Amino acid sequence: MDSTTAKILDGKALAARMREQIRLEAAELTQKHGRAPGLAVILVGDDPASHVYVKNKKSGCEKTGIHSISHELPAETTQQHLLGLISELNQDPKVDGILVQLPVPAHINPETIIEAIDPGKDVDGFHPYNVGRLTARKPALRSCTPYGCMKLLEETGLDLHGKECVIVGASNIVGRPMALELLLAGATVTVCHRFTRNLQAHIERAEIIIAAAGKQGLIKGEWIRPGAVVIDVGIHRREDGSLTGDVEFESASQHAGWITPVPGGVGPMTITMLLANTLQAFRKHLGES
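Residues numbered from 1 in each chain as written. Predicted model: local features only at pLDDT ≥ 70, side-chain atom pairs only at ≥ 80, totals over all residues. Heavy atoms only, no water.

1. Describing the UniProt feature "domain: Tetrahydrofolate dehydrogenase/cyclohydrolase NAD(P)-binding" (unreviewed entry) in the protein
Okay, so step 1: Within the UniProt annotation, "domain: Tetrahydrofolate dehydrogenase/cyclohydrolase NAD(P)-binding" (unreviewed entry) is assigned to residues 143-285.
Okay, so step 2: End C-alpha atoms of residues 143-285 are separated by 19 Å, and the span's content is 38% helix alongside 17% strand. (UniProt positions renumbered as here; feature names shortened; annotations may be inferred. Helix = DSSP H or I, 4+ residues; strand = E, 2+ residues; numbered from the N terminus.)

Shown next as structure tokens:
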């Protein structure tokens, strides 16, 4: 495998196929029940990256027939005011999903906010109830990025049972729920983090690598086991304006069997799984699932 280039796991193409399916299902349910799925998106403050993410989420909603309700609040919004808004949305029968764009300003506790969302409307999949359901092997609404990574892994056609999977990064948003997703799929899972000794040795034995450390070029291409699957969650902007990930793509693609590009790999899948979660929540609220 060393002399050949890896197959590209095209997240953009997979996302497009999945979004078309979501659009068809949403249209059918909207016609049947007289209302579209509703997603409330809350943005607090003026973080430029957050504005881009919210814009992309709104665009995804429009194209799939999901009604997007936007709440853009000033940075000085109090935690109490935000909790009040979430409480109103929890009670609103036309709202199926609630998303609070992170990060929130420093005076607001993100854990308090996440836990205030009705777990049945937690389309980000961050609520402890939903993470707990995944832990108990009875998933409800699942964290979007790990769920998207699992869909990308399905594209390889590989049976994950017993596969040596190494996750680099142990965040609540990606690393930890990713470990639970892979365990659910029957994989053997190692989670590496900032206290891990000899990261290279872990990477070298991995059949599947999920890179989610948030450190540009942390994983060297020559570490990749021949034929391994590499899913790169990282996204960083170089000085020339181009984007790159946590993995050295050019050299890694000479060893890997499959690899995700940055951009165009995991990113499109994250928003797609948010839309899928909103449709799932809609179905449940209508008694369809």
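Back to the write-up after that little detour.
2. Concerning the packing of helix α6 (residues 144-156) against helix α7 (residues 175-184)
The packing of two helices is summarised by the inter-axis angle and the distance between the axes.
Okay, so step 1: Packing of α6 against α7 brings their axes to within 9 Å, and their N-to-C directions diverge by 40°. The angle between the axes of α6 and α7 places the two elements in the oblique class. α7 is crossed by α6, and the crossing has right-handed handedness. Contact residues: α6 offers Pro 146, Tyr 147, Cys 149, Met 150 and Leu 153, while α7 offers Pro 177, Met 178, Glu 181 and Leu 182.
Okay, so step 2: Class assignment for the residues of the contact of α6 with α7 results in eight nonpolar, no polar and one charged. (Axes fitted to C-alpha atoms, helices over the stretch in contact; angles between N-to-C directions. Parallel < 35°, antiparallel > 145°, perpendicular 65-115°, else oblique. Left-handed = near helix turned anticlockwise from the far one by under 90°. Contact = heavy atoms within 4.5 Å. Nonpolar A, V, L, I, M, F, W, Y, C, P; charged D, E, K, R; others polar.)

3. Re the UniProt feature "domain: Tetrahydrofolate dehydrogenase/cyclohydrolase catalytic" (unreviewed entry) in the protein
Okay, so step 1: UniProt tags residues 9-124 as "domain: Tetrahydrofolate dehydrogenase/cyclohydrolase catalytic" (unreviewed entry).
Okay, so step 2: Between the first and last C-alpha atoms of residues 9-124 the distance is 23 Å; the span itself is 52% helix and 16% strand.

4. As for the packing of helix α2 (residues 48-64) against helix α10 (residues 266-285)
Okay, so step 1: The interhelical angle for the contact between α2 and α10, taken along N-to-C directions, is 50°, at an axis separation of 10 Å. Taken together, the axes of α2 and α10 lie oblique to each other. The chirality of how α2 crosses α10 is right-handed. Residues Asn 56, Lys 57, Gly 60, Cys 61 and Thr 64 of α2 form the contact with α10, whose participating residues are Ile 271, Leu 274 and Leu 275.
Okay, so step 2: Grouping the constituent residues of the contact of α2 with α10 by class yields four nonpolar, three polar and one charged.

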